[in-house]
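Understanding the architecture of this molecule
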Amino acid sequence: MGSEGPPAVTIHVTGFKKFHGVSENPTETIVSNLQEFMKKKGLPKGLILGSCSILETAGQGALVPLYQTLQSAVSRNDSESAHSGRVIWVHFGVNSGATKFAIEHQAFNEATFRCPDEMGWKPQKVPIIPADGGILRTRKTSLPADEITKALANMGHEVMTSDDAGRFVCNYIYYHSLRFSEQNGTKSLFVHVPLFLTIDEDTQMQFAASLLEVLASFC
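The paragraphs below set out a description of the structure included in this document. Counting from 1, residues in each chain are numbered in the order their sequence is written. Selection of residues for local features in this predicted model requires a pLDDT of at least 70, selection of side-chain atom pairs for listing and counting requires 80 or more, and totals for whole chains, interfaces and linings are taken over all residues. Excluded from the side-chain calculations are hydrogens and water; all other atoms, namely the structure's heavy atoms, are used.

1. Topic: the pairing of strand S1 (residues 9-16)
Throughout, exposure labels follow a simple rule: accessible area from a 1.4 Å probe, protein chains only, divided by the maximum for the residue type, with under 20% read as buried, over 50% as exposed, and the rest as partly exposed. Helix numbering and strand numbering both begin at the N terminus, where a helix is a DSSP run of H or I of at least 4 residues and a strand a DSSP run of E of at least 2. In terms of burial, S1 is a largely internal element, 8 of the 8 residues being buried. The alternating pattern of S1 places Val9, Ile11, Val13 and Gly15 and Thr10, His12, Thr14 and Phe16 on opposite faces, both of which are buried. Strands qualify as paired when DSSP identifies two bridges or more between them. Across 7 bridges, the pairing between S1 and strand S2 (residues 47-55) is parallel. In the sheet register, Phe16 faces S2, and the bridge partner there is Leu55. Viewed with both strands pointing away, a crossover whose connecting path from the first strand over the helix to the second turns clockwise is right-handed. With helix H1 (residues 26-41) bridging S1 and its parallel neighbour S2, the resulting β-α-β unit is right-handed. Alignment of S1 against strand S3 (residues 86-94), held across 6 bridges, turns out to be parallel. Bridge assignment links His12 to a residue of S3, and that residue is Trp89.

2. Comments concerning the packing of aromatic side chains
Any two rings among Phe, Tyr and Trp, with Trp reduced to its six-membered ring, count as a pair given centres within 6.5 Å; such a pair is stacked if its planes are under 30 degrees apart, edge-to-face if over 60, and tilted if neither. Summed over the entire model, instances satisfying the criterion amount to 9 aromatic pairs. With a centroid separation of 4.9 Å and 75° between ring planes, the pair formed by Phe113 and Phe168 is classed as edge-to-face. Here Phe113 is found in the loop between strand S5 (106-108) and strand S6 (138-140), whereas its partner Phe168 is found in the loop between strand S7 (159-162) and helix H4 (169-184), with 55 residues between them in sequence. Residue Phe113 is classed as buried on the basis of its relative accessible area of 1%. Centroid distance Phe113 to Tyr172: 6.2 Å. Interplanar angle 80°. Geometry classified as edge-to-face. Here the residue Phe113 occupies a position in the loop between S5 and S6, and Tyr172 occupies one in helix H4, the gap between them amounting to 59 residues. In our convention, an over-ring charge means Lys NZ or Arg CZ found within 6 Å of a ring centre and within 35 degrees of that ring's normal. The ring of Phe168 is capped by Arg114, whose NZ or CZ atom sits 4.6 Å from the centre of that ring.

3. Comments concerning the side chain of Thr149
Residue placement: Thr149 occurs in helix H3 (residues 145-154). Within polar-contact distance, the side chain of Thr149 engages the side chain of Thr161 at 2.7 Å. Residue contacts are counted whenever heavy atoms from the two residues lie within 4.5 Å of one another. Other than its neighbours up to four places away in sequence, Thr149 contacts Ile103, Val159, Met160 and Thr161. Counted as a polar contact is a pair of N or O atoms within 3.5 Å, where, for protein atoms, one must be capable of donating a hydrogen and the other of accepting one, and residues adjacent in sequence contribute only when both atoms are in side chains.

4. Brief notes about the side chain of Thr27
Position of Thr27 among the secondary structure elements: in helix H1. A relative accessible area of 0% places Thr27 in the buried class. Within the structure, Thr27 has its side chain in polar contact with the backbone nitrogen of Phe16 (distance 2.9 Å). Those residues in contact with Thr27 that sit more than four places away from it in its chain are Gly15, Phe16, Ile54, Phe92, Gly93, Val94 and Val193.

5. Notes on the state of the cysteines
Note on terminology: pairs of cysteine sulfur atoms within 2.5 Å are recorded as disulfides. Scanning the model with the defined rule gives 0 disulfides in all. Here Cys115 stays free of any disulfide, with the sulfur of Cys170 as its closest cysteine sulfur at 11 Å. Residue class for Cys115 comes out buried when judged on its relative accessible area of 7%.

6. Considering the pattern of salt bridges
Salt bridges are defined as contacts in which a side-chain nitrogen from Lys or Arg sits within 4 Å of a carboxyl oxygen from Asp or Glu. One pass over the full model with this rule turns up 7 salt bridges. The salt bridge involving Asp132 is made with Arg179; its shortest N-O contact spans 3.9 Å. Taken together, the residues span a long stretch of sequence, with Asp132 in the loop between S5 and S6 and Arg179 in helix H4 at a distance of 47 residues. Connected through shared salt-bridge partners, Asp132, Arg139, Arg179 and Glu182 make up one network.

7. A short note on unusual backbone geometry
Notably, Lys125 is not glycine yet its phi reads approximately 55°, a positive angle. Within the secondary structure layout, Lys125 lies in the loop between S5 and S6.

8. Some words on the packing of H3 against helix H5 (residues 201-218)
Axis angle and axis distance: for two packed helices, these are the angle between their axes and the distance between the axes, and together they describe the pair. Axes here refer to lines fitted to C-alpha atoms; in helices the fit is confined to the stretch in contact. Angles between the N-to-C directions go from 0 to 180 degrees. Closest axis-to-axis distance for the H3/H5 pair is 10 Å, and the angle between their directions is 130°. If you check the angle between H3 and H5, you find them oblique. At the point where H3 passes H5, the crossing takes the right-handed sense. Each of Glu147, Ile148, Ala151 and Leu152 in H3 lies in contact with H5, whose residues at this interface are Phe207, Ser210, Leu211, Val214, Leu215 and Phe218. The nonpolar class holds Ala, Val, Leu, Ile, Met, Phe, Trp, Tyr, Cys and Pro. Asp, Glu, Lys and Arg form the charged class, and all remaining residues, Gly among them, are polar. Residues belonging to the contact of H3 with H5 are distributed by class as follows: 8 nonpolar, 1 polar and 1 charged. Orientation labels follow simple angle bins: below 35 degrees gives roughly parallel, above 145 gives roughly antiparallel, 65 to 115 gives roughly perpendicular, and whatever is left gives oblique. Handedness of a crossing is defined here by the sense of rotation of the near helix relative to the far one, left-handed for an anticlockwise turn of less than a right angle and right-handed for a clockwise turn.

Everything listed here is a matter of geometry and, on its own, says nothing about what the molecule does.
And the structure:
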C-alpha cells in the first residue's frame, strides 16, 4: 500500500496576449504550444500539466477571467480528491528589454502602469489590494526561487532571479495569484521571458519544459 509514491504535482500555466508596444507576445505562443510540445517531449514523472490559459494584458478588467481560471483549478483538484496532489501556477510574461529569463521572487502591492493596459486602464501608485495596506507591501512566492534559478542555469539556460516584476500587468496578476495561492494552499510563480528576437522560440519552449521538470523535482 505504501509504494504509491508522493501525489502528483499539477502545474497550470498562463501567458498574455499582445499589448502596447508588443504586437506579438511570446508567452501566448509558448503557452498555446506547451501541451503539444510536452506530449512529444514526455512529461516528467509525477507531473500533470493542467490548464494552459491566455490572459488579456489588462489589470482590473481581466480579474474576473483570472479568478475564474485560478478557481477552476482549485475546484477541479477538490473534486478529484481532497489530497489528490499539489497545485502550482506558473505565469509567463514578457520583458521586451530582457536578455535572460527571470524567475520572479515577489510582487508589490502597487499598480503604476507605464502605458494603458489593453482595456485602457492606467493606474498610478494605486494599491492592488487596498485591504493589504500600502504600495510597499510585497507578497513572496513560497517556491525556492534561487534554487529553481540555479537548477535551470545548470541545465544551460540564461536565467536569473529577480526581486522586481515591475508595476505593470505582470506584477498585478502575480500579486493577485500569490494572494490566492496563500488563501487556497497552492503555489504561484511568475517568469519573465525575453522577446523571440532575443531568445528564439525553440529555446524558449525548451526553457518552459525545463522549468516544469525543475518544479516537479522541487515539490
